[in-house]
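# Observations on chain architecture
What follows is the residue order along each chain.
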Amino acid sequence: MTKAALLVLADGRFPAGGHAHSGGAEAAVRAGRITGSADLEDFCRGRLHTAGLVAAALAAAAALGADPVALDEAADARTPSPALRGTARRLGRQLLRAARSAWPDAGLDALARTFPKGAHQPVVLGVTARAAGLDARDAAYCAAYESVSGPATAVVRLLSLDPFDATGVLARTAGEVDRVTDRAVAAARTALTEGVEALPAASAPLLEIGAEAHAARPTRLFAS
Amino acid sequence: MHLDHSDPHAPAAVGADARRPDGRRRALRIGLGGPVGSGKTATVAALCRELRDEFALAVVTNDIYTREDAEFLLREAVLPPERIAAVETGACPHTAIRDDISANLEAVEDLEDAVGPLDLVLVESGGDNLTATFSKGLVDAQVFVIDVAGGDDIPRKGGPGVTTADLLVVNKTDLAPYVGSDLARMAADAKAQRAELPVVLQSLRAGSGVRDVAAWVRGRLAAWTA
């Protein structure tokens, strides 16, 4: 077991489908809510503390060995937008394929049998971390970081934003990624004894609404 | 965890596996790539018309920011709608066919689940540049489509698509006189770049149309099922 597995899993080029998704950034750009790096930073901070926190807690709980079926239901309950639920399952299925090739594991095989069309991505991420010999904190880090790195890289393409500015946003939010990860892991530990109700349910209504509007657009660069 | 470990029908982890989870041989997958506007979708449509009565077919399209390629095939009614699937590529068509193939693999597998068994799945790339190639994890063979109007120096310039594709198609030969392209030179340059790999010069508007490409596909299918 090696900590470098975390670098493999968190690498933006890990082939799990993320490149086709903007994490809601395309909808926000189209609505005029992201016009430059300052807006992008606000957007990322908002997503980190809402969808990012929830995803990180789900991933941590899955890495601790909580029941994936219960976690998947908890993820559904925390995702009002049908479009976002569909996206989360598609990305979960894609991650599961990559994970089973990278870290063959009975837990991952079982997840594939239970969810042939995909479980929520953070749940798969947590089971993957476990298969890779990583811990709950690693899984939470991956989810929290993904919640900001996805939009940041997408906005480079959407707005022709200076890539150094986008990377600066990620560097400046790093401390908050640490704190969100801490909260997520604490909540996941509590959920092991108290049930999935103990997991955070932070909501970002504009992300949910934007996802529905985006899904109905006939032309778009990113799938979500 | 209360997950069942006893079910032998676990989904395949690796896309290149030649057999489906139930043990049957999966469909042959042929990728079609090439620059924007070279005639990939028209070639796919013509292949569907030529081969659909002989083989069980389906098509996956990769559009860049619309669903126009899938909609063109639907409008042309080359296949029933349930046999055409569209993949979204997030502004990076070559990523979806080469670096991160998971969405395309799922589209192919879902088509086989929904309308299979299939003999052949055509995977059409979004229009890209001369370096775009398909991963071997996604397709069994690939066709690179260029056209005479894109410049008759493209075969000479080479690039991974032109030099390594299993079949190079030089399309729109009927336009050569109007754009000043030298077909003989294109054919000779392609031969020099590709050694023994085949090249087809075709016009879908004149002569034998897609027949040569269809014959090549039949050859690949015969080898796949042998």
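Residues numbered from 1 in each chain as written. Chains lettered and ligands numbered in written order. Predicted model: local features only at pLDDT ≥ 70, side-chain atom pairs only at ≥ 80, totals over all residues.

All names here are of chain B. Here seven strands make up an open sheet; going across it, the order is E3-E2-E4-E1-E5-E6-E7 and the pairing parallel. Edge positions in the open sheet fall to strand E3 (84-88) and strand E7 (199-201), since each of these has one partner strand only. Averaged over all pairs of adjacent strands, the angle between strand axes in this sheet comes to 20°, irrespective of strand direction. Sheet analysis places strand E1 (residues 28-33) next to strand E5 (residues 141-147), joined by four bridges and oriented parallel. Residue pairing across strands places glycine 31 opposite glutamine 142, the latter belonging to E5. (Pairing = 2+ DSSP bridges. Helix = DSSP H or I, 4+ residues; strand = E, 2+ residues; numbered from the N terminus. Axes fitted to C-alpha atoms, helices over the stretch in contact; angles between N-to-C directions.)

Right, let's get into the UniProt feature "domain: CobW/HypB/UreG nucleotide-binding" (unreviewed entry) in chain B. As recorded in UniProt, the feature "domain: CobW/HypB/UreG nucleotide-binding" (unreviewed entry) lies at residues 30-200 of chain B. Helix makes up 39% of residues 30-200 of chain B and strand 20%, whereas the separation of the span's terminal C-alpha atoms amounts to 16 Å. (UniProt positions renumbered as here; feature names shortened; annotations may be inferred.)

All names here are of chain B. Counting buried residues along strand E4 (residues 120-124), five of its five residues qualify, which places the element largely inside the surrounding structure. Across the two faces of E4 the burial is the same, with Leu120, Leu122 and Glu124 and Val121 and Val123 all buried. In this sheet, E4 lies alongside E1 in parallel orientation, the contact comprising five bridges. Paired with leucine 32 across the bridge in E4 is glutamate 124. Here five bridges tie strand E2 (residues 57-63) to E4, and the two strands are oriented parallel to one another. Note on E4: the bridge partner recorded for threonine 61 is glutamate 124. (Buried ≥ 20, exposed ≤ 12 C-beta atoms within 10 Å, placed from the backbone.)

Residues and elements named next belong to chain B. Inspection of helix H2 (residues 68-75) places Asp69, Ala70 and Leu73 among the buried residues, and these make up the whole buried set. Seen end-on, H2 carries its buried residues on one side only, within an arc spanning 100°. Buried residues belonging to H2 abut helix H1 (40-51), E2, E3 and E4. (Arc of directions from axis to C-beta. Contact = placed C-beta atoms within 7 Å.)

Often, the extent of an interface is quoted as the loss of accessible area upon association of its parts. Taken together, the 26 residues of chain B in the interface contact 30 residues of chain A. Residue assignment for the side of chain B that touches chain A shows that the elements contributing at least two residues are helix H3 (93-99) and helix H4 (102-115) of chain B. With four residues, the top contributor of residues to the side of chain B that touches chain A is H4 of chain B.

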